[in-house]
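The chain contents come next:
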Amino acid sequence: QVQLVESGGGLVQAGDSLRLSCAASGDTSCISVMAWYRQAPGKDRELVASISRFGTTHYQDRRNGRFTISRDNAKDTIYLRMNSLKPEDTAVYSCYAVGCDSWGQGTQVTVSS
């Protein structure tokens, strides 16, 4: 079984940057693609970005350009770098391990205007 632990969220001002981390532990052999999702208040959870073990990335909003997903396979950790944050980026950000069907507990990101 895989455990995912996110960190790096917080309260920031519009225009600031954050880097989220998601560390996997346990039996990580099932992990293939890992992804970041977010859920804003009153909205459905949505995919932000995903990355394969080989580094192939996918962004749900290709026009965004503000978010960058990366991965360190040696540490079984993925990251989400978020620049020029906007109030509409406020959400709980969670990571998901495809293949393991495992979710982290989420980390809150709040962007004030």
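Residues numbered from 1 in each chain as written. Predicted model: local features only at pLDDT ≥ 70, side-chain atom pairs only at ≥ 80, totals over all residues. Heavy atoms only, no water.

**Q** Help me understand the packing of aromatic side chains in this model?
**A** Geometry of an aromatic ring pair is reported as the spacing of the ring centres plus the angle between the planes. Evaluated as defined, the whole model comprises 3 aromatic pairs. Between Tyr37 and Tyr96, the ring centres sit 6.2 Å apart and the planes meet at 85°, which makes this aromatic pair edge-to-face. Here Tyr37 is found in strand S4 (residues 34-39), whereas its partner Tyr96 is found in strand S9 (residues 91-97), with 59 residues between them in sequence. With a relative accessible area of 21%, Tyr37 lands in the partly exposed category. Residue Tyr96 is classed as buried on the basis of its relative accessible area, which comes to 15%. Cluster of aromatic residues (ring-pair linked, three or more members): Tyr37, Tyr96 and Trp103. (Phe/Tyr/Trp six-rings, centres within 6.5 Å; stacked < 30°, edge-to-face > 60°. Helix = DSSP H or I, 4+ residues; strand = E, 2+ residues; numbered from the N terminus. Buried < 20%, exposed > 50% of the residue type's maximum accessible area, 1.4 Å probe, protein only.)

**Q** What is the right way to read the sheet that holds strand S3 (residues 18-26) from this model?
**A** Two modes of strand pairing occur in sheets, parallel and antiparallel, and in both the strands are linked by backbone hydrogen bonds. Read across the open sheet, the 4 strands follow the order S1-S3-S8-S7; overall the sheet is antiparallel. Each having just a single partner strand, strand S1 (2-7) and strand S7 (67-72) make up the two edges of the open sheet. For this sheet, the mean inter-axis angle between neighbouring strands, taken without regard to orientation, is 15°. Pairing of S3 with strand S8 (residues 77-82), which is carried by 6 bridges, proceeds in the antiparallel orientation. The residue bridging Leu18 from the neighbouring strand is Met82, located in S8. (Pairing = 2+ DSSP bridges. Axes fitted to C-alpha atoms, helices over the stretch in contact; angles between N-to-C directions.)

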